[in-house]
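Chains, contacts and geometry: an overview
Chain by chain, the residues run as shown.
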Amino acid sequence: MEDIRRVGVVGAGLMGSGIAEVCARAGLDVLVSEIGRDAAEAGRRRISASLARAERGGRLTRDDAVTTLHRIAFTTDLADLADRDLVIEAVAEDEHIKTAVFTALDKALARPDAILATNTSSIPITRLGTVTSRPQQVIGVHFFNPVPVLNLVEMVPSLLTSDRTHQRARQFVTTVLGKTVIDAPDRAGFIVNSLLVPFLLAAIRMLEAGAASAVDIDNGMVLGCAHPMGPLKLADLIGLDTLQAIADSLHAEHKEPLHAPPSLLLRMVDAGLLGRKTGRGFYDYASERQDA
């Protein structure tokens, strides 16, 4: 089975930059596409900061960090991804945005055997694949944040994904990137978010009802259930806008009340209080942003 050596990543946010980093650390030629120069430069800074943290933690040498960064190039033109063996879409968790990206990628990619992967957290893969002329080469490859640290990847073939695409993607993720793969069904939320999101929404409802404080809710799950992070801090880490988008996708498909985003979550997203990435969510991260 042929090697995947040239990787494209669409989007240089938290997930896209992390995916680009792990691919470059695996020795691959990585090209990241962003909507503009400012967004591309922000992605470069994000990757540099992540590599610096890995250096400080002793997980990466200085030489390896420099070499990794040199393997990553940036562009503002999707057409530049034409020669890629694999392109991983990692834009906002919005079906309209993602389908527009897949439509454009389908026209841009010159290689007839190129794999088009999506890092979607919840959108069924079939909906993204069918906007292309090659749905058999579209697959879900869902990484987890922070990508350089967490080893899990959900592999999500659609009803139209070919066995060959599934095998190539799985081999790439396990052998080249060294991640652990679980096979998930092509249903909204897949495996992890189908279990996790109702739990996070329940914690938000408990806070909204005044039944307990954010600190007590999180301490209860960390100290009482040995969770590494409380549900509200985890929601802040994921991003409250992303959490709402996943909840909306789950609710639209399954019609379960436990998937409906609580009013508190909706108002916080309306207010731009999205968690760590904006400096404030259920907790205040302003001092962390100043230190960074």
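In what follows, the accompanying structure is described.

Cut-off values and rules
Residues numbered from 1 in each chain as written. Predicted model: local features only at pLDDT ≥ 70, side-chain atom pairs only at ≥ 80, totals over all residues. Heavy atoms only, no water. Helix = DSSP H or I, 4+ residues; strand = E, 2+ residues; numbered from the N terminus. Rg over C-alpha atoms; globule rule 2.2 N^0.38 Å. Contact = heavy atoms within 4.5 Å. Areas by Shrake-Rupley, 256 points an atom, 1.4 Å probe, with all protein chains shown as cover. Lys, Arg positive; Asp, Glu negative; His and termini not counted. Charge placed at Lys NZ, Arg CZ, Asp CG, Glu CD. Buried < 20%, exposed > 50% of the residue type's maximum accessible area, 1.4 Å probe, protein only. Core = buried A, V, L, I, M, F, W, Y, C linked by side-chain atoms within 4.5 Å. Pairing = 2+ DSSP bridges. 1 Å grid on protein atoms, 1.4 Å probe; cavity = no way out; pocket = protein on both sides within 12 Å on 5 of 7 lines; lining within 4 Å. Points joined across faces, edges and corners; volume = space filled by probe spheres on them. Salt bridge = Lys/Arg side-chain N within 4 Å of Asp/Glu carboxyl O. Axes fitted to C-alpha atoms, helices over the stretch in contact; angles between N-to-C directions. Parallel < 35°, antiparallel > 145°, perpendicular 65-115°, else oblique. Left-handed = near helix turned anticlockwise from the far one by under 90°. Nonpolar A, V, L, I, M, F, W, Y, C, P; charged D, E, K, R; others polar. Expected span 1.5 Å × (residues − 1).

**Remarks on the overall build of the protein chain**
Assigned secondary structure in the protein chain consists of twelve helices and eight strands. Over its C-alpha trace the protein chain gives a radius of gyration of 19 Å, about what one expects of a compact globule, namely 19 Å for 292 residues. Considering only C-alpha atoms, the protein chain reaches an extent of 55 × 45 × 35 Å along its principal axes. Partitioning the contacts of the protein chain with sequence separation of at least 6, the portion at a separation of at least 24 is 67%. As presented, the protein chain carries roughly 13,300 Å² of accessible surface, and 53% of it is formed by carbon and sulfur atoms. Mean positive and mean negative side-chain charge positions of the protein chain (31 and 36 charges, respectively) differ by 3 Å.

**Considerations on the environment of P112**
Assignment of secondary structure puts P112 in the loop between α4 (95-108) and β5 (115-118). By relative accessible area, P112 is classed as exposed at 68%. Considering only alpha carbons, one finds P112 and A260, 148 residues apart in sequence, at a separation of 41 Å. Those residues in contact with P112, other than ones at most four positions away along the chain, are R134 and Q137.

**A few points about the nonpolar core**
Of all hydrophobic cores here, the largest spans 37 residues; its most connected members are V7, V30, F143 and F172. Per-element accounting of this core gives the leading share, six residues, to helix α1 (residues 14-25). In contact with F172, other than residues within four places in its own chain, are I4, V7, C23, L28, L86 and L177.

**Thoughts on the pairing of strand β7 (residues 152-157)**
By the bridge criterion, five bridges tie strand β6 (residues 138-143) to β7 in an arrangement that is antiparallel. In the strand pairing of β7, F143 is matched with V153. Here four bridges tie β7 to strand β8 (residues 180-183), and the two strands are oriented parallel to one another. Bridge pairing in β8 places V153 opposite V181.

**Topic: empty space enclosed by the protein**
Enumeration according to the criterion identifies one cavity of 30 Å³ or more in this entry. There is about 30 Å³ of room inside the largest cavity. As for the largest cavity, its lining consists of I4, L86, I88, V141, A169, F172 and V173. Sorting the residues of the lining of the largest cavity by element identifies β4 (86-89) and α6 (163-176) as the ones contributing at least two each.

**Structural notes on the pattern of salt bridges**
Under the counting rule described, the total for this entry stands at 17 salt bridges. Between D241 and K277 there is a salt bridge whose closest N-O contact spans 2.8 Å. Residue D241 is found in helix α10 (residues 240-254), and its partner K277 is found in the loop between α11 (263-270) and α12 (286-291); the two are separated by 36 residues along the sequence. A relative accessible area of 37% means that K277 is categorised as partly exposed. A network of salt bridges, in which partner residues are shared, links R6, D29, D83, R84, D85, R111 and D113.

**Considerations on unusual backbone geometry**
Peptide bonds are trans in most cases, and residues, glycine excluded, mostly fall at negative phi. Here the residue pair N145 and P146 is connected by a cis peptide bond, since its omega of 0 degrees sits within 30 degrees of zero. Note on placement: P146 falls in the loop between β6 and β7.

**Remarks on the packing of α1 against helix α2 (residues 37-56)**
Two numbers describe how α1 lies on α2: the axes approach to 9 Å, and their chain directions differ by 55 degrees. In terms of orientation, α1 and α2 fall into the oblique class. Here α1 runs over α2; the crossing is right-handed. Contacts between α1 and α2 involve L14, S17, A20, E21 and R25 from the first element and G43, R46, I47, S50, L51 and A54 from the second. Residues belonging to the contact of α1 with α2 are distributed by class as follows: five nonpolar, three polar and three charged.

**Observations concerning α1**
Between its first and last C-alpha, α1 extends 17 Å over twelve residues, near the 16 Å set by a 1.5 Å rise per residue. Burial analysis of α1 places ten of its twelve residues in the buried class, the great majority of the element. For α1, the complete set of buried residues consists of M15, G16, S17, G18, I19, A20, E21, V22, C23 and A24. Following α1 by one or two positions, G27 adopts a phi angle in the positive range, close to 90 degrees.

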